[in-house]
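Read off the chains here:
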Amino acid sequence: MLSSQTCSIASAIEQGTIALSQLSDSAKLDSQLLLAFALVKNVTYLLTWPEKVITATQFIVFQQLLTRRVNGEPIAYILGEKEFWSLPLKVSSATLIPRPDTEILVEQVLTLFTYHDKSNTGGKNSQNIRGLDLGTGTGAIALALASECPCWQLDAVDFNQEAVELAQQNAKNLKLTHVKIYQSDWFSQIDAIEKFDFIISNPPYIDGTDQHLTQGDVRFEPKSALVADEKGFKDIRLIAEQARKYLKNNGYLLFEHGFEQAEKVRQILIDLGYDQVQSFKDYANNDRITQATWLMN
Ligand SMILES: C[S@@+](CC[C@H](N)C(=O)[O-])C[C@H]1O[C@@H](n2cnc3c(N)ncnc32)[C@H](O)[C@@H]1O
């Protein structure tokens, strides 16, 4: 039980750190973030004024937030925000909390189009580049790309209407409203006449029996954002099958997938007739994304 007897900022942080030490690898940071949230300040303020005494009401709010964290709720859901590609994104229990490893997908697309651009403007200013983000969730991937390449024409879809509204809100907050964000069950609402230079997706890819689903932050995230049939491969296979109709000649398809799924994902793409199929590693040196090119006959 925490003690509120004329509690200073430093003491509250310490008590929170102790309360969270069994649960979190980043107990002190979590404690700081929750206290900053309770005080409607930032962490720098806490570090600048460690001796400042907090009010009883602030202490109660901090205690309530700590209780949620002690019960396992992810920090991002408690704070309602997570940074991705240096963009502050609103998050909600409607969708996945964006992961740092997903930034590799963003980097890969930027590399592809920078490399191929001969005008030396890095392709970022090309108005002809069209991209589609399938299963956009918070809008993380599409908004990161939009922030880098304001001229690109980007569509982002999700079948979960709540996620769509969240992504639209994020786009508005970040003034990236040129991204078209709408509800679609993968390609169902996309006109087959539309052709994209790249299609990118971090789809659900976890096998429903995977033990990780019962551990840590993942327990709080919606299964519809995480789990796919066929041992986790169903959505990847469906997207890969249908994407062939929506890619321009030489267009790219890029997936994030599980760290043990690269070989099977490559095989799915090869079997479907894709070319230049290759995987790339995440920050932990695991094969995490796979990319392929579609060549029209
Ligand atoms: C792993 S999350 C990825 C979210 C976000 N792109 C990211 O990287 O943080 C998968 C997303 O796919 C969406 N999704 C699942 N099935 C879908 C379907 N059939 N059509 C469209 N989106 C779907 C989920 O709602 C969820 O937002």
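Residues numbered from 1 in each chain as written. Predicted model: local features only at pLDDT ≥ 70, side-chain atom pairs only at ≥ 80, totals over all residues. Heavy atoms only, no water.

Undergrad: What should I look at first to understand the overall build of the chain in this one?
TA: Helices and strands together make up the secondary structure of the chain, namely eleven helices and nine strands. Considered along the principal axes of its C-alpha atoms, the chain spans approximately 75 × 45 × 35 Å. Out of the 297 residues belonging to the chain, those deemed buried represent 51%. Long-range contacts, defined as pairs at least 24 residues apart, comprise 66% of the intrachain contacts of the chain with a sequence gap of at least 6. If you sum the accessible surface of the chain, you get close to 14,700 Å²; carbon and sulfur atoms cover 50% of it. Separation of charge centres in the chain, based on 27 positive and 36 negative side chains, amounts to 3 Å. (Helix = DSSP H or I, 4+ residues; strand = E, 2+ residues; numbered from the N terminus. Buried < 20%, exposed > 50% of the residue type's maximum accessible area, 1.4 Å probe, protein only. Contact = heavy atoms within 4.5 Å. Areas by Shrake-Rupley, 256 points an atom, 1.4 Å probe, with all protein chains shown as cover. Lys, Arg positive; Asp, Glu negative; His and termini not counted. Charge placed at Lys NZ, Arg CZ, Asp CG, Glu CD.)

Undergrad: Explanation requested: the sheet that holds strand β3 (residues 130-134) in the structure shown.
TA: Whenever strands of a sheet pair, they do so through backbone hydrogen bonds, lying parallel or antiparallel. As summarised here, the arrangement of the seven strands in space is β5-β4-β3-β6-β7-β9-β8, forming an open sheet in which the pairing is mixed. Edge strands, defined here as strands with exactly one partner in the open sheet, are β5 (180-183) and β8 (275-281). The average angle at which neighbouring strand axes cross in this sheet is 15°, direction not considered. Where β3 meets strand β4 (residues 153-158), five bridges bridge the pair, whose relative direction is parallel. Residue pairing for β4: L134 is matched across the bridge by V157. The sheet contacts of helix α7 (residues 140-148) involve β3, β4 and β6 (196-201), and relative to β4 the element is tilted by about 165°. In the packing of helix α11 (residues 262-271) onto the sheet, the strands contacted are β7 (247-256), β8 and β9 (287-294), and the crossing angle to β9 comes to about 10°. (Pairing = 2+ DSSP bridges. Axes fitted to C-alpha atoms, helices over the stretch in contact; angles between N-to-C directions.)

Undergrad: Before we go on, may I ask you to explain the site of the ligand in this structure?
TA: Neighbouring the ligand are 19 residues, the closest being G135, D158, D185, W186 and N202. Residue F159 places a main-chain N or O atom 3.2 Å away from a nitrogen atom belonging to the ligand. One nitrogen or oxygen atom from the side chain of D185 is found 2.7 Å from a nitrogen atom belonging to the ligand. Here the ligand, which alone exposes 590 Å², has 96% of that area covered by the protein. Taken together, the residues of the shell around the ligand sort by class into eight nonpolar, nine polar and two charged. (Near = heavy atom within 4 Å. Polar contact = N/O pair within 3.5 Å; in protein donor to acceptor, adjacent residues only side chain to side chain. Nonpolar A, V, L, I, M, F, W, Y, C, P; charged D, E, K, R; others polar.)

Undergrad: It is not clear to me how the nonpolar core should be interpreted in this structure. Could you clarify?
TA: When a protein is soluble and globular, its nonpolar side chains tend to lie buried together. Counting residues in hydrophobic clusters, the biggest one holds 34 residues, and the most contacted among them are L145, W152 and F198. Residue assignment for this core shows that the elements contributing at least two residues are β2 (87-90), α6 (103-116), α7, β4, α8 (161-173), β6 and β7. Y182, W186, F233 and I268 belong to the second largest nonpolar core, which has 33 residues in total. (Core = buried A, V, L, I, M, F, W, Y, C linked by side-chain atoms within 4.5 Å.)

Undergrad: In this structure, what is going on with the domain arrangement of the chain? I would like to understand it.
TA: Quoted interface sizes are often the accessible area lost when the parts come together. When cut into domains, the chain gives domain 1 (9-72) and domain 2 (82-294). On a C-alpha basis, the centroid separation for the pair domain 1 and domain 2 is 35 Å. (Domains from an automatic or database assignment.)

Undergrad: Looking at this structure, how should I read the side chain of T102?
TA: Within the secondary structure, T102 is located in the loop between β2 and α6. Of note is the side chain of T102, whose polar atom sits 2.6 Å from the side chain of E256. Ignoring sequence-local partners within four residues, the contact set of T102 consists of F84, I141, N202 and E256.

Undergrad: Quick question: what am I supposed to make of the packing of helix α1 (residues 9-20) against helix α2 (residues 27-39) here?
TA: The description of two packed helices rests on the angle between their axes and on the distance between the axes. It is the contact of α1 with α2, at a shortest axis distance of 8 Å, that shows an interaxial angle of 130°. It follows from the interaxial angle that α1 and α2 lie oblique. When you trace α1 past α2, the crossing you get is right-handed. Touching I9, A12, I13, G16, T17 and L20 of α1 are A27, K28, D30, S31, Q32, L34, L35 and L39, all from α2. When its residues are assigned to classes, the contact of α1 with α2 shows eight nonpolar, four polar and two charged. (Parallel < 35°, antiparallel > 145°, perpendicular 65-115°, else oblique. Left-handed = near helix turned anticlockwise from the far one by under 90°.)

Undergrad: What exactly am I supposed to notice about the pattern of salt bridges here?
TA: Here the idea is simple: oppositely charged side chains can pair when their charged atoms come close. Under the criterion given, the structure shown has 13 salt bridges. In this structure, R69 engages D217 in a salt bridge whose closest nitrogen and oxygen atoms are separated by 3.6 Å. On the criterion of sequence distance, the pair formed by R69 in helix α4 (residues 56-70) and D217 in the loop between β6 and α9 (223-226) is long-range, its members being 148 residues apart. On the basis of relative accessible area, R69 is assigned to the buried category, the value being 7%. With a relative accessible area of 34%, D217 lands in the partly exposed category. Between D155 and R130 there is a salt bridge, with the nearest N and O atoms lying 3.6 Å from each other. Taken as a pair, D155 in strand β4 and R130 in strand β3 lie far apart in primary sequence, 25 residues in all. Look at R130 and you get buried, because its relative accessible area is 13%. Bridged by salt links that share partners, the residues R130, D155, K180 and E194 form one connected network. (Salt bridge = Lys/Arg side-chain N within 4 Å of Asp/Glu carboxyl O.)

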